[in-house]
Every structure is written in C-alpha cells, then in structure tokens.
Amino acid sequence: MASVLERVVRVTATVLRLDPAEIKPEHRFSADLGAESVQSIELVAMFEEEFGIEMNEDDALSVESVGAAADFIAKVCEAQGVKV
Amino acid sequence: MSSSPAHSARKEHPFTDSTEPNLLDDVFDYSLPPKIRFDGPIVEYIDGQPVQFDPQAVKKRDIHITDTTFRDGQQARPPYSIEQMVHLYDLLAKLSGPNGVIRQTEFFLYTKNDRETLDRCRALGHKYPECTGWIRADKGDFRLVREAGLKETGLLTSSSDYHIFNKLKFKSHKHCMDAYCEVVEAAFESNVRPRCHLEDVTRADWDGFVLPFVDRLMRMSEQVPEELSCKIRICDTMGFGVHFPGVELPRSVPKIVYKLNQECGVPSERLEWHGHNDFHRVHANGTTAWMYGCNALNATLFGFGERTGNPPLEGAIIDYISLKEDLCGIRTEVITEIADYMRSIHFPIPDNYPLVGRHFNTTRAGIHAGGLRQDERIYNIFDTTVLLNRPPRVNLTDKSGADGVAHWINEFFGLKGDDRINKIKCHKVARWVMDQYEVHKRETSISDEELEVKVQELMPEYWEKYAPRR
C-alpha cells in the first residue's frame, strides 16, 4: 500500500497537472508548484476524498509544503480513526 | 491653528499593544447606520469674526425631511400616473413612521390630475407627510391653493440677478422685492402660509437683495399669526453651494444658514434647504444645512430631480439616523420596497447607487468575499439584511475566488453560523467559475441564474438538503 506521502504526491500531480516524479516533499504548493487560489481548494478537497477524512478548512489551507501536508493528513487520519 | 501644523502640532503617540480587536462598536454597532459623533464646536468666520456652532444641537433640534419627489423630481421625467404617485405617497408615509421624519411633500396644483392626486393622497389619512402646494409667484394662483384646502404653499421668489434682471426683467431690486411682497401679502390674505423659495440664492447679491428682502419678509410675518408666518426655502438651484467652512458668500452653506437664521431671525423651524447636485455636493450640503441651523432638508427619492438631481431622500434618512443615533420610528426597510417599486415602473437606478442599487452591497473581489465570509461587518456598511432587507452579496467573476463562490452559495441557501458550507465543499463550482474565464475567455460576470443551475448540478447533496427550504 502506498504511503501517505506517495498518495499526497499523486493527488498533487493530478490536480496541478504535474509529473509525480518532479514533486519533492519540500516543495511548496504555491511558491514551487504554482498552485493558484482555486487549485489550493481543489487540493484540499481531493485530499479529503482520497483519504476519506474531513479537514479544518483554515488549518488545511495553511499547510505550505507537500511533506507538511502528508504529516498533517496522517495526524487527521489518526484523529478520525482512518487507517493509512 | 498654526499654518505649519506638521511642525507645531507634532507629538509622540505611545503604542500600547492589544490582543483584542478594538472594533469601535459603540459608533459602528452594526444594528444602525454608523453614528455621527462630535467632539467640539465648529468655528466659522462670519464677517471676519469667529462664530461657534454647537454641533450637538442638531441631536436635539426638530430636524426633518421634506419631500419634493412629485414636484422637482417630476420636473426631470415624464409625469407619474396618479396611481403611481398615490402609491409612492403611501410608501413615503410608511417609511417616515409615526414621528413625521418625512414631514411634508409638495404637489403641483395646475392640472386636473395634479388636484386629483392631491385629493387621493390626502384621502389615505396619513398625518405625515403633510401635503403642501407649489405655485408660481402669481397672486391669481392662490385661488388654486385655497380651493385645494392647503395650509401652505411654496412660491418662487427668485433671488439672483440672473433671474431678477435677466429672466424676469425687473427694472430694479426694489421693483422685484415689491412684486414678491405683494404675492406674500396675497398669501396672508388667503390664509395660506407662504414658503418663499429663494431661487438661485447661491449666486445672488446677498447684501443688495437677499438679506433686505428676508428682513422685510420677517417684518411682514410679525404682523400675522404664527401659523401664517413666512417660511424660507434656500434654493441652491445650480448646485453652487459649498459645505466646508471658510468659503465666502454666496456659496457658503454655513454662512447662508447663519445669516438667515441669526441675522434675519428666521427661526430654524421655518428654514429649509433645497439643493442640486451639479458639483456632487448635494447630500453633504443638505446635511450641513441641518448642522448650521436649518431644520428642514428638502429631498427627492433617489435624488431624482431637475438636471443632476436633488438631495437623495434615502441618504437624508440615513444621515438623520446617524445624527440622532436612533431609528426614531423610521422603517428603513421601506427604502428597498420603494426602490423595487420604482424599478417596476421603469425608473432607472444605477447598479452601484448607494443603499438601493442592485450591487450596492455586492462585492466582486475574492479577498473581500473572504472577509465577508468570516465576518460580514468587514465589508458591509451596517446590517443591511435587517435595515434594508438586503443581505450582503458577492457577484462572481474571475476575481471572486473560492471565498466569493462559497459566500454566494451560503447566501443563496440562506445558511448561517455552523450551517454555512465551507469553501472546500464548493470547489467544483469554484472551478467552473474559473474555467469560464481561463478556458472560455468570458468577459462578463456570472448571473445568479447560471450559478443556481451549476450549484444544482455540481453540489447535488447540498441542493437536495437546502434548496427545498429556500
């Protein structure tokens, strides 16, 4: 089973139309990967769908990088009893 | 005050940090239009001497609004039908409330329709607005006033030399003054209170004509019962009036009101300001007249009047509340009802027109919509939902962002507090909106009707839950 980080990278690549191989954990969604305002919303929505979780909007949107998103999602999954 | 305040007035302003917002909600309490508070006297130099005005006095004086929608307002458009005028009069009474904040409205008396309108308005039985007449300065016209059973009528007493010499062809100021005073005398004899309209007074010869004329009117008024004594309407016919202090006569609103009120002795309750908007000063000038001692502010619905229009009545209502710090019985939501009615009879109201335009509290920028979503007070002037029956809205374009989309959807469903849908759940609609501009190169904003269809299509679970209860 893919890790949380691998799944985050896959979703990010799909939403931002990038090659997954080019996405690194330290990459920032906006500054490095070019995510625009609506795309940031779409990323959070797709992460929720991918992991079957509900995230706090403001907290989720304040996460800046791919690696931080994986950590954040892992914690939310744990808090909501979702196995990853 | 020094002429170099940047040097002489400098002082330190100590910083004290705070972790709590200071929203100044005593003044901006949101349940009312923002209050207008004063922290000292106003000083105006009159004939070289400083004169202090106490702005607090306006909070206690019986200031009020008089309406001229059916007279000046109607001079600028095809005539209203009788039914339309009667309905508008009824709405004015409803807006005014029981305290007569909209104290009077004036009617032409010349045609059969004019007189039938007047009769039907009075038959409604409203105490306010009181119906008054408007006639030319012609002695014979008092027959019309008497037959209509009116207690008061306005009459033209044009005061600038443009009118006196160039239009009316009087040979001298005295010749003109005598003629006007004859008409005023005729009003007294007819048991009708004359309201002398000092037409074009903001470019009149004040020392040569206006002040001696008003002195004479006041002397004449001393000879008749109080209820017949002359009222004075100050007519800024061409919009030349200027509201800020230090301006010389004849353009200074403060000096005009002071001279008539204090030097000629026209009591505040018999002074009225009538302005025009040729230089965008009409509303400020009207409120300023209130401040300096004039009790009546003459206005029209949505400022519609000759050329550039008159003080907007609904703006005067809001300033009245701001000054009095109380609704005083005014039913502000009727402003919206009147605007809706006016639109239904094809009266043009620009979309960005304050208080009633379709988009007066609509924001397009996403960053503003974000603010609205967090706390509507951030980008809404007061509680427009309660006071005007108009919730703040967003109009969607490529600048609206997901915040704007989420705000629109929540307002559409009427969701409050925890029920409001967050913007993450609105992402499909937000994407559709962005694609309209980025992919399809759209150049117009998105209509409510289009968006409604998209919400139904892209957020079916929310549509099913909330649409039935709209």
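For the structure, check the block above.
Residues numbered from 1 in each chain as written. Chains lettered and ligands numbered in written order. Predicted model: local features only at pLDDT ≥ 70, side-chain atom pairs only at ≥ 80, totals over all residues. Heavy atoms only, no water.

Draft legend 1. Broad picture of unusual backbone geometry. Residues and elements named next belong to chain B. Pro-129 follows Tyr-128 through a cis peptide bond whose omega is -5 degrees. Among the structural elements, Pro-129 can be located in the loop between helix 5 (112-123) and strand 5 (130-135). Residue Pro-250 is bonded to the preceding Leu-249 through a cis peptide linkage, with omega at 10 degrees. Here Pro-250 lies in the loop between strand 8 (231-235) and helix 10 (253-263). (Helix = DSSP H or I, 4+ residues; strand = E, 2+ residues; numbered from the N terminus.)

Draft legend 2. Region of the structure containing the pattern of salt bridges. All names here are of chain B. On inspection of all chains with the given rule, the structure shows 45 salt bridges over all chains. Two residues, Arg-122 and Asp-119, come together in a salt bridge whose shortest N-O distance is 3.1 Å. Taken as a pair, Arg-122 and Asp-119 lie in helix 5 at a separation of three residues, close to a single helical turn. Look at Arg-122 and you get partly exposed, because its relative accessible area is 31%. Two residues, Arg-136 and Asp-141, come together in a salt bridge whose shortest N-O distance is 3.8 Å. Overall, the relative accessible area of 44% leaves Arg-136 in the partly exposed class. (Salt bridge = Lys/Arg side-chain N within 4 Å of Asp/Glu carboxyl O. Buried < 20%, exposed > 50% of the residue type's maximum accessible area, 1.4 Å probe, protein only.)

Draft legend 3. Geometry of the environment of Leu-16 of chain A. Residue and element names in this part refer to chain A. If you trace the backbone, Leu-16 turns up in helix 1 (residues 4-16). Residue classification places Leu-16 among the buried residues on the basis of a relative accessible area of 10%. The spatial distance from the C-alpha of Leu-16 to the C-alpha of Ser-40 is 9.3 Å, given a sequence separation of 24 residues. Leu-16 has contacts with Leu-33, Ala-35, Gln-39 and Leu-43, leaving out every residue within four places of it along the chain. (Contact = heavy atoms within 4.5 Å.)

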